[in-house]
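Structure at a glance
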Amino acid sequence: MDKKISIDYSYTLPFITEDMINGYKDSVLKAAKTLADGTGEGNDFIGWRQLPTERLGSEELKKIVEVSNEIYENADLLICVGIGGSYLGAKAVTEALCHPFYNMLSDEDRKGPKLLFAGQNISASWMNAILDQIDKAKSVYINVISKSGTTTEPGIAFRNIKTKMEKKYGKIDASKRIIATTDAKKGALRTLATNEGYRTFIIPDDVGGRFSVLTPVGLLPIGAVGIDIMKLLQGAQEASVFGAEQDLSLNPAFTYACIRNLLLQKGYHTEILVNYEPTLHYFSEWWKQLYGESEGKNGKGIFPASVDFTSDLHSMGQWIQDGQRFIFETVLNVESPMNDTKVASDKEDLDGLEFLAGKPLDEINKCAMKGTLLAHYDGKVPNMVINIPEMNSYYLGQLIYIFEQACGISGYLLGVNPFNQPGVEAYKKNMFALLNKPGYQDARKALDEKMKTLPSGKVTK
């Protein structure tokens, strides 16, 4: 494949200028070199940079393919248990590349297993629905994904799912259907997997959760529904090659990092990732975690938000067009759709849409995109367009790597460590104290005292 993803930043001009871009290039190249050399903060978590090259042809990849094929051929239900980066990457890729109603297809049409996710919340309704599906399915496999095995949400979910699986299949047979993706040597899940005889895959020590989609964390469930993970890795590898280009015009990751940070300097501190394909909704969710956890620290960072157009033009469109001017948009444009259909003819034309009869829906969708770009540009909203030749494994692999590389560069441009996430522990401490977790007695007392000092919030007469 000789095409590659490209970026059009025409709609960011004149909010920023070519002179500003040229003047900022050295900063971008310096940040990129810091990432490439491994000399910046968090450099013990940049193993994702080598993943595409190291995985291709590796023994580990052969094992992933072997087990994912087993699940594809034998299971009618696969449940992935994880939260954050342990599920969002797989969810993003499978939603983008599978049939939009994949789980609703017949077994014959779907071929692979239904795919469900658990452990990303603490909802009783969700868990009851998951357990109900285990009861109804004939052949169930579980992929539990956790570095430590002690994260609250997936830990609770796996307790209940494990109990249900052992009741359904018996302890020995259940253990053959449970696959743990976890630390190589330590942690609660590693200990449990060893004791129970689960098959295991390793989460690399030098890859953080939000960068882990191209590890077994993402590759196993992605392959289990029949998606070509080799092509996914090949696309990422290709992006890593042109990601070494020093010319910004030839390097989408550099261009993206450059433009978004210049816009931030001009006061645009909220980025909205826009798609015109609903199957990219969860790709946006993956992107939000990637950039939110990487940049949002030390009082810095661009706030990541997302919309699904044209649906959200009928809800968020008014605000984006006429609201406060601190936002910019990054548009994902899939140049060639997976398939297309034409508008049916209706001679009565009661809806006044007969002028569209015979036109391909993708052509109409592209006109909606172009019209929105122009309208938002006139409304003082800068826009970048990321052009994706096709939505397939290869180009999605490219896009993943481009965003990951640009994320590392952006973090260094901001002056933060893009590979840690200290802020996510605050809510956990409070939650454990409220639940009276052993060892949190002092935290509970402090929390009780703090609650007494909070304003009541009541309306006074």
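Anyway, here's the lowdown on the structure attached to this text. (Residues numbered from 1 in each chain as written. Predicted model: local features only at pLDDT ≥ 70, side-chain atom pairs only at ≥ 80, totals over all residues. Heavy atoms only, no water.)

**Here's the deal with the nonpolar core**
In terms of nonpolar packing, the biggest core is built from 91 residues, with Phe283, Trp286 and Phe403 touching the most fellow members. Sort the elements by how many residues they give to this core and helix H16 (residues 393–414) lands first, with 13 residues. Here phenylalanine 403 is in contact with Tyr256, Leu273, Phe283, Trp286, Trp287, Leu290, Tyr291, Leu332 and Ile386, once residues within four sequence places are set aside. In terms of nonpolar packing, the next biggest core, distinct from the first, is built from 23 residues, Val81, Leu131, Val144 and Ile161 among them. (Core = buried A, V, L, I, M, F, W, Y, C linked by side-chain atoms within 4.5 Å. Buried < 20%, exposed > 50% of the residue type's maximum accessible area, 1.4 Å probe, protein only. Helix = DSSP H or I, 4+ residues; strand = E, 2+ residues; numbered from the N terminus. Contact = heavy atoms within 4.5 Å.)

**A short note on the pattern of salt bridges**
Under the definition given, this model contains 22 salt bridges. Ionic pairing is found between glutamate 60 and arginine 55, a salt bridge with its closest N-O pair at 3.1 Å. Exposure remark for glutamate 60: the relative accessible area of 23% places this residue in the partly exposed category. The partner of glutamate 95 in a salt bridge is lysine 91, and the shortest N-O contact between them spans 3.1 Å. With glutamate 95 and lysine 91 both in helix H4 (residues 88–97), this residue pair falls four residues apart, about one helical turn. Through salt bridges with shared partners, a single network forms among Lys147, Asp183, Lys186 and Asp205. (Salt bridge = Lys/Arg side-chain N within 4 Å of Asp/Glu carboxyl O.)

**Side note on the packing of helix H3 (residues 59–74) against helix H11 (residues 229–242)**
One can describe the packing of H3 onto H11 by two numbers: an axis separation of 11 Å at closest approach and a directional angle of 145°. In contact with Leu61, Ile64 and Val65 of H3, H11 contributes Ile229, Met230 and Leu233. For the contact of H3 with H11, the per-class residue count stands at six nonpolar, no polar and no charged. (Axes fitted to C-alpha atoms, helices over the stretch in contact; angles between N-to-C directions. Nonpolar A, V, L, I, M, F, W, Y, C, P; charged D, E, K, R; others polar.)

**Side note on the sheet that holds strand S9 (residues 327–336)**
Reading across from one edge, S1-S10-S9-S7-S8 is the order of the five strands in this open sheet, with mixed pairing throughout. Edge strands, defined here as strands with exactly one partner in the open sheet, are strand S1 (6–8) and strand S8 (303–308). Direction aside, neighbouring strands of the sheet carry axes that sit 25° apart on average. Pairing between strand S7 (residues 270–275) and S8: six bridges, direction parallel. Its bridge partner being in S8, valine 274 is matched across the sheet by valine 307. Contacts between helix H13 (residues 281–295) and the sheet are confined to S7, S8 and S9, with S8 contributing the most and set at about 175° to the helix. (Pairing = 2+ DSSP bridges.)

**Overview of the pairing of strand S4 (residues 140–145)**
In terms of residue burial, S4 counts as a mostly covered element, since six of its six residues are buried. Residues of S4 alternate between two faces, with Val140, Ile142 and Val144 on one and Tyr141, Asn143 and Ile145 on the opposite face, all of them buried. In this sheet, S4 lies alongside strand S2 (residues 77–81) in parallel orientation, the contact comprising five bridges. Across the sheet, the residue bridging to leucine 78 is tyrosine 141, located in S4.

**Quick look at the sheet that holds strand S3 (residues 114–118)**
The five strands lie next to each other as S3-S2-S4-S5-S6, forming an open sheet whose pairing is parallel. The open sheet has two edge strands, S3 and strand S6 (199–202), and neither has a second partner. In this sheet, adjacent strand axes meet at a mean angle of 20° when their direction is disregarded. Of the pairings in the sheet, the one linking S4 to strand S5 (residues 178–182) comprises four bridges and is parallel in character.

**Remarks on helix H6 (residues 124–136)**
Taking 1.5 Å of rise per residue, 13 residues should cover 18 Å, and H6 covers 18 Å from first to last C-alpha, within 8% of that figure. Considered for burial, the residues of H6 that qualify are Met127, Ile130, Leu131 and Ile134. Buried residues along H6 cover an arc of 95° about the axis, so they all sit on one side. The outward face of H6, more than 90 degrees from its buried face, is lined by the exposed residues Ser125, Asn128 and Lys136. Contact partners of the buried residues in H6: S2, S3, S4 and helix H7 (152–169). Where H6 begins, one side-chain oxygen reaches toward the backbone nitrogen of serine 125, 3.3 Å away; that side chain belongs to serine 123. (Expected span 1.5 Å × (residues − 1). Arc of directions from axis to C-beta. Polar contact = N/O pair within 3.5 Å; in protein donor to acceptor, adjacent residues only side chain to side chain.)

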